[in-house]
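Examining the three-dimensional arrangement
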Amino acid sequence: MTTSTRGAAKAPAVLVLEDGRAFRGRAYGAVGETFGEAVFSTGMTGYQETLTDPSYHRQVVVMTAPHVGNTGVNDEDPESGRIWVSGYVVRDPARVSSNWRSQRSLDEELERQGVVGISGIDTRALTRHLRERGAMRVGIFSGDALADEAALLAKVQAQPQMKGANLSAEVATKETYVVPAIGEKKFTVAAVDLGIKGMTPHRMAERGIEVHVLPATATAEDIYAVRPDGVFFSNGPGDPATADGPVAVMQAVLERKTPLFGICFGNQILGRALGFGTYKLKYGHRGINQPVQDRTTGKVEVTAHNHGFAVDAPLDKVSDTPYGRAEVSHVCLNDQVVEGLQLLDQPAFSVQYHPEAAAGPHDAAYLFDRFVSLMEAERA
């Protein structure tokens with residue numbers, strides 16, 4: 001519940017974690033109450049892309065960078081048609097936006113879209129708490145929503161957990177749409193939207209791919225109705241253990257040996273399709289500065305992440321699956337979490353991070369070229 005009250009933006013606010021710890025600050029954006037899973041993002045820039053990433057559905061994002069909102073908001077950079085975070089936490093919001101592309105302030109945009117936030121708290125202390133205790137349920141309260149902390153804590157503890165949440169259909173397109181190739185059309189790709197970011201089909205379009213973006217509920221028949229040269233499974237929110245439908249569809253694609261590429265949630269779907277398990281990370285990886293090694297080349301990339309779950313696959317051996325041999329292709333250098341999978345006997349691979357590079361970095365753009373190479377080889 002939110003109440004958009006211009007002028008009340010400096011009202012008192014409180015953030016309450018499910019373990020009882022509370023932080024008091026001032027309202028930022030809309031005034032009211034909101035709930036979600038408290039997570040932190042380590043990016044120093046790109047807040048507009050973060051806010052509009054559907055993978056953040058039902059999450060309250062804590063920004064570790066102290067100054068947020070400096071460049072304002074524009075209408076060109078959003079990754080979807082709306083802000084998806086359920087709440088926003090910053091330390092020192094910009095008092096004035098300063099960028100030639102800015103059209104309004106971040107505070108105004110949060111209020112306009114009804115996103116309840118809080119500012120003026122010690123985000124470093126909150127981040128350290130989440131690193132030690134793990135991501136957890138949280139509520140932000142301001143205005144008429146303020147009450148005794150015990151009552152607010154009870155509200156937070158009554159909220160659903162992220163573990164077991166099936167959310168991709170809530171953020172995905174309801175109708176198929178087409179992103180045309182830029183320049184000469186070379187390939188057709190069916191992209192299953194589990195929470196896709198707008199830059200992803202654009203990166204494929206730049207490479208001469210016509211992208212048919214399908215709902216999360218798409219069947220194998222829907223996919224092959226567009227006569228694809230390749231199939232793509234996108235990023236998205238929620239627990240991959242609930243995604244039985246997309247897993248079954250991906251298995252049908254693997255049966256036909258169509259070139260396949262998945263990112264983030266799509267990587268977890270491939271892991272499940274191959275027979276691996278998934279698990280919830282303690283506090284996840286979120287930000288645009290995460291180091292990942294491509295084990296096929298030895299190259300280390302700085303990458304953009306947004307995930308709270310991971311694939312449980314062995315790092316030290318090639319695994320036998322119903323679709324041939326598979327191996328871990330990428331690994332996070334911070335904690336050795338699986339960051340990519342590839343099949344060795346057919347054209348299928350995935351990564352856990354975001355190579356579309358919105359808001360950067362661009363180290364992993366080659367993965368779209370790798371997908372094109374798979375389709376070229378299959379056509380040849």
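Cut-offs used in this document
Residues numbered from 1 in each chain as written. Predicted model: local features only at pLDDT ≥ 70, side-chain atom pairs only at ≥ 80, totals over all residues. Heavy atoms only, no water. UniProt positions renumbered as here; feature names shortened; annotations may be inferred. Helix = DSSP H or I, 4+ residues; strand = E, 2+ residues; numbered from the N terminus. Buried < 20%, exposed > 50% of the residue type's maximum accessible area, 1.4 Å probe, protein only. Contact = heavy atoms within 4.5 Å. Axes fitted to C-alpha atoms, helices over the stretch in contact; angles between N-to-C directions. Parallel < 35°, antiparallel > 145°, perpendicular 65-115°, else oblique. Left-handed = near helix turned anticlockwise from the far one by under 90°. Nonpolar A, V, L, I, M, F, W, Y, C, P; charged D, E, K, R; others polar. Pairing = 2+ DSSP bridges. Right-handed = clockwise from strand over helix to strand, strands pointing away. pLDDT = per-residue confidence, 0-100. 1 Å grid on protein atoms, 1.4 Å probe; cavity = no way out; pocket = protein on both sides within 12 Å on 5 of 7 lines; lining within 4 Å. Points joined across faces, edges and corners; volume = space filled by probe spheres on them.

1. Details of the UniProt feature "binding site: L-glutamine" (unreviewed entry) in the protein
Look at the UniProt record and you will see "binding site: L-glutamine" (unreviewed entry) annotated at Ser55, Gly236, Gly238, Phe265, Gln268, Asn306, Gly308 and Phe309. Across 255 residues in sequence, these annotated residues keep their C-alpha atoms within 13.3 Å of one another, forming a single compact spot. Along the chain, Ser55 falls in the loop between α1 (47-51) and β5 (59-63). What makes Ser55 buried here is its relative accessible area of 6%. By secondary structure assignment, the location of Phe309 is in strand β17 (residues 300-312). Given the relative accessible area of 4%, Phe309 is considered buried. Not counting chain neighbours up to four residues away, the residues in contact with Phe309 comprise Met162, Lys163, Gly238, Asp239, Pro240, Gln268, Tyr279, Lys280, Leu281 and Gln352.

2. Some words on the UniProt feature "domain: Carbamoyl-phosphate synthase small subunit N-terminal" (unreviewed entry) in the protein
Within this structure's numbering, the places UniProt gives as "domain: Carbamoyl-phosphate synthase small subunit N-terminal" (unreviewed entry) are residues 11-141. The distance from the first to the last C-alpha atom of residues 11-141 is 10 Å, and the span holds 18% helix and 36% strand.

3. Observations regarding the packing of helix α8 (residues 244-256) against helix α9 (residues 265-274)
Relative placement of two packed helices is described by the angle separating their axes and the distance separating the axes. Packing of α8 against α9 leaves a shortest axis separation of 9 Å and a crossing angle of 70 degrees. In terms of their interaxial angle, α8 and α9 are classed as roughly perpendicular. The way α8 lies across α9 gives a crossing that is right-handed. The residues of α9 that touch α8, namely those facing Asp244, Pro246, Val247, Met250, Gln251 and Leu254, are Gly266, Ile269, Leu270, Arg272, Ala273 and Leu274. In the contact of α8 with α9, the residues fall into eight nonpolar, two polar and two charged.

4. Concerning the pairing of strand β14 (residues 230-233)
A two-sided burial pattern is seen for β14, the buried positions comprising Gly230 and Phe232 on one face and Val231 and Phe233 on the other. Strand direction decides the pairing type here: strand β12 (residues 187-192) and β14, joined by four bridges, are parallel. Counted as the bridge partner of Val192 is Phe233 from β14. As defined by bridge partners, β14 adjoins strand β15 (residues 260-263) across three bridges and the pair is classed as parallel. Across the sheet, the residue bridging to Phe232 is Phe261, located in β15. For the handedness criterion, the β-α-β arrangement of β14, α8 and β15 is classed as right-handed.

5. What to know about the confidence of the model for the protein
A residue-level look at the protein finds 97% of positions with pLDDT of 70 or above and a mean pLDDT of 95. A low-confidence stretch, residues 3-9 stays under pLDDT 50, and its non-local contacts, those more than four residues away or across chains, total 14 contacts.

6. A look at the layout of surface pockets
Approximately 290 Å³ is the volume found for the largest pocket. Along the walls of the largest pocket sit 15 residues, with Phe40, Arg131, Tyr283, Gly284 and His285 positioned nearest its centre. Of all the elements in the fold, those that place two or more residues in the lining of the largest pocket are α3 (123-133) and β16 (277-294). A total of eight residues in the lining of the largest pocket trace back to one element, the largest contributor, which is β16.

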